[in-house]
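# Topology and contacts: notes
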Amino acid sequence: MTVNAMTINAMTINAMTINGGEHQMTRKILAAATAVAFLLAACSDDEEGGSSGTESTAAGTSATDAPETTAAEAENVRQVPDEYDTIQAAVDASAPGDLVLVGPGTYNEAVQVATDDLTIRGLDRNEVILDGNFELDNGIRVLGANHVAVENMTAMNYTKNGFFWTGVDGYRGSYLTAYRTGDYGVYAFDSINGQIDHIYAAGSPDAGVYIGECYPCNAVVSDVVSEYNGLGYSGTNSGGNLLIVNSTWRYNRAGIVPNSGSYELCYPERETTIVGNIVHGNNNGETPAIDVALLAMGNGIVVPGGVLNTIERNLVYDHDKGGISLVPFPEEDPNDAIPGEDEWTVSCEEAKQQMPVDPGDLVIWESMRNRVVGNVLEDNRHADLLVAAVTVDASTLGHCFADNTFTTSAPNNIETLAPCTADGVGVGSGDWADGKYDILSWLGEEHPPSVDWKTATLPELQPQENMPDAATAPARPANDVPMQVDLASIVVPTKPAG
Amino acid sequence: MSTRWWAAACVVLATAGCTNDKGGGEQAIVLHPPTDVTSLGQPDHPIAGPQGAVPQFVVECAYSHAAPDDPIVAPGEFGAAHLHAFFGNTTTDANSTIDSLFAGDTTCDQRADLAAYWAPALLRGAEVLRPVKSTAYYRPGIDVDPKSVQPYPKGLVMIAGNAAAEEPQPLSIVAWGCGTGIARAVEPPECAQDRNLRLIVTFPDCWDGDNLDSPSHKSHIAYSSGGDCPEGYPVPIPQLQFSVEYPVWGATDDLMLSSGGLLTGHADFMNAWTPERMQMEVELCLHREVVCGIASGRTSG
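Residues numbered from 1 in each chain as written. Chains lettered and ligands numbered in written order. Predicted model: local features only at pLDDT ≥ 70, side-chain atom pairs only at ≥ 80, totals over all residues.

## Quick notes on the overall build of chain B
Rules: Counting from the N terminus, the helices are DSSP H or I runs at least four residues long and the strands are E runs at least two residues long. Whether a residue is buried, exposed or partly exposed follows from its count of other C-beta atoms within 10 Å of its own C-beta, namely 20 or more, 12 or fewer, or something in between, respectively; the C-beta atoms are built from the backbone. We call two residues in contact if the C-beta atoms placed from their backbones are at most 7 Å apart.
Scanning chain B from N- to C-terminus turns up two helices and 17 strands. By residue count, 60% of the 301 residues in chain B fall in the buried class. The contacts of chain B with a sequence gap of at least 6 include a subset with a gap of at least 24, amounting to 75%.

Put into structure tokens, the structure is as follows:
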């Protein structure tokens with residue numbers, strides 16, 4: 001990013017100080033009358049002054065084509081737009097347990113949800129469109145309301161997020177499309193017991209799907225396609241029974257990126273289980289991108305400063321840098337000191353009570369004790385498997401590697417240097433200096449600059465799979481999450497055609 | 001005690017396109033000195049550290065414009081103030097009123113926030129540095145019961161920090177930092193490349209319940225301590241922490257604020273949030289104790 005100082009071409013006012021001993025001097029006060037150049041010519045649409053989240057228009061809606069016998073006939077169903085003009089009105093009228101059923105149409109709303117146990121469902125994922133018009137912040141934002149499920153709709157052009165849960169116990173986002181959003185596509189923050197499934201997310205400078213600041217998170221991310229984002233998946237300071245499974249992460253700057261950092265709470269990132277994913281072609285320098293995405297570009301699964309993660313049976317190919325990269329996260333201007341291993345069991349709730357300390361200008365989060373087993377990797381051009389450290393010798397990090405199908409590693413022979421046992425770390429042998437990865441040169445590289453999220457080139461939005469029985473299924477608040485995942489049954493995915 | 005300096009100047013507002021040029025000719029203008037007022041109290045400690053620990057809502061606003069105007073200290077007097085950098089409302093000038101702000105537009109990502117935010121301009125030599133953006137964090141004051149926090153009354157004005165300070169101000173009110181880090185300093189530190197310099201100003205969080213403004217522009221508001229508002233200021237209001245980000249790294253010795261030396265950091269706020277939205281944010285985020293948003297990780301707006 002480059003921001004040029006504006007050089008004022010205005011006049012200087014010579015203001016004389018009238019009294020004042022040692023202060024007697026002429027002060028030049030730049031009067032800079034030139035506001036104009038920077039006035040946003042945005043003086044805008046007719047809606048100024050109050051297009052807040054509760055205002056909305058359900059444009060172009062038509063009567064739903066739902067069959068005669070529908071969920072809509074149940075007492076607890078609130079129909080939009082038939083009964084309520086806006087999703088917000090229906091949500092506000094709802095009691096816990098209700099189903100807000102939204103018919104096809106474009107809704108210029110930023111919906112706020114503060115009622116527990118709601119189900120908010122679109123009748124057709126591809127025709128129920130929440131559009132922020134680059135002015136509204138979040139498509140649906142769930143604020144401290146527990147067990148809210150959002151299903152079967154699309155959110156686009158929001159300045160913040162498509163779908164956002166914060167401060168909740170129990171959440172589910174299913175069959176959702178998030179397209180062109182200013183921060184994240186589908187986002188859970190400071191929330192536990194959740195599920196994010198059947199998602200298409202494209203065009204966020206941060207992550208298509210993000211779960212942050214939770215431990216233990218107790219959540220599942222499954223059946224996602226995330227592309228053309230800064231990051232496919234990001235999970236800052238999250239983990240603890242957190243599963244990322246059976247999904248595709250492609251054509252982002254970087255694919256799956258759980259990381260640690262003290263800019264938000266509950267560090268380090270730990271105990272995320274990443275299984276059965278297809279991760280490819282994450283070298284896309286044409287996306288919008290936050291700083292971390294710039295730095296992580298060209299990696300499939302990269303764990304900057306994360307610990308105790310399990311990465312198994314993923315297919316990872318076509319990356320300029322690493323297929324699976326266990327690397328440090330250098331954090332300038334940090335907000336706290338890095339916790340020692342004895343603090344990795346501290347829950348997020350406990351962490352909120354601790355006072356941070358100033359650790360100086362820079363901390364380096366080393367990635368440690370991650371387990372990488374049974375993955376299939378090819379054409380990852382720095383190395384299929386990559387380990388690096390800055391503050392310690394990489395041999396002391398405690399990672400282990402076994403049964404991967406790969407061609408290259410850095411350092412060489414990684415599975416001999418750092419083998420796994422059935423449930424732990426084996427005794428390695430060999431020379432860690434042989435083929436050691438030069439992480440500092442990576443950090444010093446130039447990166448393609450971010451592209452404005454509002455105008456970035458994205459693939460045209462294709463019709464996405466609808467949830468089954470949207471019109472007839474009863475309300476299903478998120479009190480049965482996360483779903484059970486039989487990890488043992490997951491096999492390495494096969495390479496998609498093309 | 002402190003040196004008040006009054007100055008007068010005859011200014012030709014001749015710059016083409018100057019929005020504030022009300023007559024085109026010569027005007028006699030009284031330059032107001034930086035206001036020398038100390039707030040009642042200060043936060044118990046600087047508010048810094050990782051986001052996500054306490055309830056908040058956050059608004060990021062692009063830089064709007066600069067002008068030597070101050071609708072709080074020098075209303076109606078164009079060119080009478082030191083140079084200010086304005087954020088949020090795009091119409092802010094010497095004549096701004098709450099009504100005029102509501103008729104304006106905003107640079108903020110929260111469109112219902114039509115408030116005017118401003119801070120002194122930061123100069124490097126003769127060059128005015130164009131800020132990258134501002135971030136407004138709204139939270140309960142330290143240890144204040146979040147459920148007790150009331151929305152700002154429509155039209156409340158506030159000034160935080162002392163524009164005439166000659167000594168370091170409390171870090172809990174005015175501080176400088178790099179990036180989004182925890183470190184706070186009384187003068188601009190040398191930041192690493194790409195870690196933008198920030199001025200961080202923390203506003204009072206208690207209100208007298210009656211006055212939208214006061215002659216000093218500060219005596220109607222005060223800081224809480226120990227989670228309680230002081231006598232005479234019975235209404236807890238959101239604590240606004242306003243941060244301005246500049247594209248400044250490295251050496252700081254040629255920097256100065258338009259209000260005087262580098263110790264004169266301050267910021268101003270005129271509340272023109274749509275009242276319904278302000279109430280909604282206070283209730284949904286602060287009363288429910290939810291982190292409603294996080295300032296983005298982008299270094300550029």
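This is not the end of the story, as more comes after the structure.
## Brief notes about the overall build of chain A
Looking only at helices and strands, one finds five helices and 34 strands in chain A. Counting every position in chain A, which comprises 498 residues, the buried fraction comes to 57%. Restricting to contacts in chain A with at least 6 residues of sequence separation, those with at least 24 account for 65%.

## Quick notes on the sheet that holds strand 13 (residues 221-222) of chain B
Residue and element names in this part refer to chain B. Put simply, the rule is: Two strands form a pair only when DSSP identifies at least two bridges running between them.
The sheet built from three strands is open, its strands ordered 13-12-14 with antiparallel pairing. Strands with a single pairing partner mark the edges of an open sheet, and in this sheet they are strand 13 and strand 14 (235-236). Pairing between strand 12 (residues 206-207) and strand 14: two bridges, direction antiparallel. When the bridges of strand 14 are listed, Trp-207 appears paired with Val-235.

## Quick word on the pairing of strand 27 (residues 322-327) of chain A
All names here are of chain A. For strand 27, the tally of buried residues reaches six of six residues, placing the bulk of the element in the interior. Across four bridges, strand 27 lies against strand 32 (residues 383-387) in parallel orientation. Residue pairing in the sheet places Gly-322 in a bridge with Ala-383 of strand 32.

## Some points on the nonpolar core
Counted only if it meets this: Buried Ala, Val, Leu, Ile, Met, Phe, Trp, Tyr and Cys residues form a nonpolar core when they are connected through C-beta atoms within 7 Å.
Core analysis: the largest hydrophobic core is formed by 206 residues, its most contacted members being Val-100, Val-142, Val-148, Val-186 and Val-209 of chain A together with Tyr-117 and Val-201 of chain B. Non-local contacts of Val-186 of chain A, meaning those with residues more than four positions away in its chain, are made with Gly-162, Phe-163, Gly-173, Leu-176, Ala-178, Ile-196, Ile-199, Ala-201 and Val-209 of chain A. Grouped together as the second largest cluster of nonpolar side chains are five residues, Val-73, Ala-80, Ala-81 and Ala-94 of chain B included.

## Remarks on unusual backbone geometry
Residues and elements named next belong to chain A. For the bond running from Val-80 to Pro-81, omega is 5 degrees, close enough to zero to count as cis. Looking at where Pro-81 falls in the secondary structure, it is placed in the loop between strand 4 (77-80) and helix 1 (87-93). For the bond running from Val-481 to Pro-482, omega is -5 degrees, close enough to zero to count as cis. Its location among the elements puts Pro-482 in the segment after helix 5 (439-443). The backbone phi angle of Phe-134 is positive, close to 65 degrees, even though this residue is not glycine.

## A closer look at the pairing of strand 22 (residues 272-275) of chain A
All names here are of chain A. Looking at chain direction, strand 19 (residues 242-245) and strand 22 are connected through four bridges and run parallel. For Leu-242, the partnering residue across the bridge sits in strand 22 and is Thr-272. For strand 22 and strand 25 (residues 310-312), the ladder comprises three bridges, and the chain directions are parallel. Pairing of Val-275 across the sheet is with Glu-312, part of strand 25.

## Points about the sheet that holds strand 16 (residues 207-212) of chain A
The strands making up a sheet associate through backbone hydrogen bonding, with each pair oriented either parallel or antiparallel. All names here are of chain A. A sheet is described by the order of its strands in space; here eleven strands give the open sequence 7-10-12-14-16-18-21-24-27-32-34, paired in parallel fashion. The open sheet terminates on both sides in strands that have one partner only, identified here as strand 7 (111-113) and strand 34 (409-410). As defined by bridge partners, strand 18 (residues 231-236) adjoins strand 21 (residues 254-259) across five bridges and the pair is classed as parallel. Counterpart to Leu-231 in the pairing with strand 21 is Ala-254.

## Thoughts on the confidence of the model for chain B
All names here are of chain B. Convention followed: pLDDT is a per-residue confidence score from the predictor, ranging from 0 to 100.
Per-residue confidence for chain B gives a mean pLDDT of 88, with 85% of residues at or over 70. Across residues 1-27, confidence stays below pLDDT 50; counting only partners more than four residues off in sequence or on other chains, it has 58 contacts. Complex prediction metrics read pTM 0.86 and ipTM 0.86.

## Thoughts on the environment of Leu-243 of chain A
Looking at where Leu-243 of chain A falls in the secondary structure, it is placed in strand 19. Sequence separation between Leu-243 of chain A and Val-307 of chain A is 64 residues; the distance between their C-alpha atoms is 15 Å.

## Quick look at helix 2 (residues 275-287) of chain B
Taken together, the buried positions of helix 2 of chain B are occupied by Arg-277, Met-278, Met-280, Glu-281, Val-282, Leu-284, Cys-285 and Leu-286 of chain B. Of the residues one or two after helix 2 of chain B, Glu-289 of chain B is the one with positive phi, at around 55 degrees.

## Considerations on the environment of Ile-256 of chain A
All names here are of chain A. Mapped onto the elements, Ile-256 comes out in strand 21. Exposure remark for Ile-256: the 32 C-beta atoms within 10 Å place this residue in the buried category. Excluding residues that lie within four positions of it along the chain, Ile-256 makes contacts with Gly-232, Tyr-233, Ile-244, Trp-249, Ile-274, Asn-277, Val-279 and Ile-301.

## Here we look at the confidence of the model for chain A
With 85% of its residues at a pLDDT of at least 70, chain A reaches an overall mean of 87. Across residues 1-69 of chain A, confidence stays below pLDDT 50; counting only partners more than four residues off in sequence or on other chains, it has 146 contacts.

## A closer look at the environment of Thr-92 of chain B
Relative to the helices and strands, Thr-92 of chain B resides in the loop between strand 4 (84-88) and helix 1 (98-102). With near-sequence residues (within four places) excluded, Thr-92 of chain B lies in contact with Pro-71, Phe-86, Ala-116 and Trp-118 of chain B.

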